[in-house]
Amino acid sequence: MVKHQVLFSEERIAERVQQIGAQLNQDYAGKELDVICILKGSVIFAADLVRRITVPVRLHFLQISSYGDDVESSGTINLRFSSVTEDLVNRNVLVVEDILDTGITMDYLLKQLREENPASLRICVLLDKPSRRKIGVKADYVGFEIEDHFAIGYGLDYQELGRSLRYIAVLDPSEYEKGT
Ligand code: PRP
């Protein structure tokens, strides 16, 4: 495994996911929720989060990618897969992402989803890196705000590895400085 240091333990993540779930239950009381899990990074967060939500949930998946195997966003968005076969008109849509970095991906997603005329459209991210923002996107629900670290674990990868770690960690910079 690549060198890394734990940033948020499994217990800390579980506690935060439970808190966000409670907030969602309050905010969407009496409503139904359409959760859109953005693959691949948010799959573990979304799986844990939806099980904390007590209002009725429909679960959808979208795969979108801008990073490839790089540590920096390429800035080019690719929509690779969508399980959204239903109409989102008048639905309460919650986009669940692992990380909000430059905001380029989320800005693209929001533009696409607004065209569906949902009743509401909100964003829930596990990690927020506000210092990296290039487009003014704000998340409605944030797990943890972090510095400009490359995070892995709990769904997040470095070159496709590390997603299955039970905690969130910071990748040691020596890993991506290798060969540069
Ligand atoms: C990551 C992450 C977001 C995006 C955020 O996806 O899941 O979708 O980058 O970056 P931005 O705010 O700078 O646009 P990635 O391309 O790594 O795909 P993955 O989730 O499949 O690992």
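For every chain, the first residue of the written sequence is number 1, and numbering continues from 1 onward in sequence order. Local features in a predicted model are, by the rule used here, given only for residues with pLDDT of at least 70; side-chain atom pairs are given and counted only at 80 or more, and totals for whole chains, interfaces and linings are based on all residues. To get the side-chain values, take all heavy atoms of the structure and skip hydrogens and water.

### Notes on the overall build of the protein
For the protein, the helix and strand inventory stands at 4 helices and 9 strands. Under the scheme used here, helices are H or I runs from DSSP no shorter than 4 residues and strands are E runs no shorter than 2 residues, and both carry numbers assigned from the N terminus. Its helices and strands in sequence order give the protein the pattern β-α-β-α-β-β-β-α-β-β-β-β-α, from N to C terminus. Over its C-alpha trace the protein gives a radius of gyration of 16 Å, about what one expects of a compact globule, namely 16 Å for 180 residues. Going through the 180 residues of the protein one by one, you find that 47% of them count as buried. Sequence separation of 24 or more characterises 66% of the internal contacts of the protein that already satisfy a separation of 6 or more. Total accessible area on the protein stands at roughly 9300 Å², and carbon and sulfur atoms take up 46% of it. In this tally Asp and Glu are treated as negative and Lys and Arg as positive; neither His nor the chain ends contributes. The atom standing in for a charge is NZ when the residue is Lys, CZ when it is Arg, CG when it is Asp and CD when it is Glu. Here the protein holds 21 positive side-chain charges and 28 negative ones, and the gap between their average locations is 2 Å. Our radius of gyration is a C-alpha quantity, and the globule rule it is checked against amounts to 2.2 Å times the number of residues to the power 0.38. Only protein chains enter the accessibility calculation, which uses a 1.4 Å probe. A residue is then buried if its area is under 20% of the maximum for its type, exposed if over 50%, and partly exposed in between. When checking whether two residues touch, look at their non-hydrogen atoms; a contact exists if any pair is within 4.5 Å. A 1.4 Å probe and the Shrake-Rupley method give the accessible areas. Residues count as covered only by the protein chains that appear here.

### Details of the packing of helix 1 (residues 10–27) against helix 2 (residues 43–50)
Where helix 1 contacts helix 2, the axes come no closer than 9 Å and their chain directions differ by 55 degrees. Looking at the two axes, helix 1 sits oblique to helix 2. Judged by the twist between their axes, the crossing of helix 1 over helix 2 is right-handed. On the side of helix 1, the interface is formed by Val17, Ile20, Gly21 and Leu24, while helix 2 contributes Phe45, Asp48 and Leu49. Note on residue classes: Ala, Val, Leu, Ile, Met, Phe, Trp, Tyr, Cys and Pro are nonpolar, Asp, Glu, Lys and Arg are charged, and everything else, Gly too, is polar. For the contact of helix 1 with helix 2, a count of residues per class yields 5 nonpolar, 1 polar and 1 charged. Think of each axis as a best-fit line through the C-alpha atoms, taken over the contacting stretch in the case of a helix, with angles from 0 to 180 degrees between the N-to-C directions. What sets the label is the angle itself: under 35 degrees gives roughly parallel, over 145 gives roughly antiparallel, 65 to 115 gives roughly perpendicular, and the rest give oblique. With the far helix as reference, a near helix turned anticlockwise by less than a right angle produces a left-handed crossing, and one turned clockwise produces a right-handed crossing.

### Considering the pairing of strand 9 (residues 168–171)
Both faces of the sheet carry side chains from a regular strand, because those side chains alternate between them. Here strand 1 (residues 4–8) pairs with strand 9 via 4 bridges, running antiparallel. Within strand 9, the residue paired with Gln5 across the bridge is Val170. Any two strands are treated as partners once DSSP identifies two or more bridges connecting them.

### Details of the nonpolar core
In plain words, nonpolar cores are sets of buried Ala, Val, Leu, Ile, Met, Phe, Trp, Tyr and Cys residues tied together by side-chain atoms within 4.5 Å. One finds Phe45, Leu49, Leu94 and Leu127 to be the most contacted residues of the largest nonpolar core, which totals 28 residues. Every element with two or more residues in this core is listed here: helix 1, strand 2 (33–39), helix 2, strand 5 (92–100), strand 6 (120–128) and strand 7 (141–145). With residues up to four places along the chain from it excluded, the contact list for Leu49 reads Val17, Ile20, Gly21, Leu24, Val96 and Cys124. Among the nonpolar cores identified, the runner-up in size contains 18 residues, and Ile38, Leu62, Ile64 and Val93 belong to it.

### Focus: the packing of aromatic side chains
By convention here, two paired aromatic rings are described through the distance between centres and the angle between planes. Each aromatic pair joins two rings of Phe, Tyr and Trp (for Trp, the six-membered one) with centres within 6.5 Å, and gets the label stacked for planes under 30 degrees apart, edge-to-face for over 60, and tilted for any other angle. Using the criterion set out here, one finds 3 aromatic pairs in the structure. Measuring from centroid to centroid gives 3.9 Å for Phe8 and Phe144, while their planes differ by 15 degrees, and the two rings are stacked. Highlighted residues: Phe8 in strand 1 and Phe144 in strand 7, separated in sequence by 136 residues. Phe144 shares its class with Phe8; the two are buried. Measuring from ring centre to ring centre gives 5.5 Å for Phe150 and Tyr158, while their planes differ by 80 degrees; the resulting arrangement is edge-to-face. On the basis of relative accessible area, Tyr158 is assigned to the buried category, the value being 9%. Connected via pairs of aromatic rings, a cluster forms that spans Phe150, Tyr158 and Tyr176.

### Topic: the site of the ligand
The full set close to the ligand counts 17 residues, and Glu97, Asp98, Thr102, Gly103 and Thr105 are the nearest of them. Measuring from an oxygen atom of the ligand, one finds a backbone N or O atom of Asp101 at 2.9 Å. Within the side chain of Asp157, one N or O atom sits 3.1 Å away from an oxygen atom of the ligand. Across the complex, the protein chains shield 94% of the 500 Å² of accessible surface that the ligand would expose by itself. When contributions to the shell around the ligand are tallied by element, the ones reaching two or more residues are strand 5 and helix 3 (104–114). Split into classes, the residues belonging to the shell around the ligand amount to 4 nonpolar, 7 polar and 6 charged. By convention in this text, a residue qualifies as near a molecule or strand provided that one of its non-hydrogen atoms is within 4 Å of it. In protein, a polar contact requires one atom able to donate a hydrogen and another able to accept it; more generally it is a pair of N or O atoms within 3.5 Å, and residues adjacent in sequence count only if both atoms are side-chain atoms.

Functional significance is not addressed by these values, which are geometric in nature.
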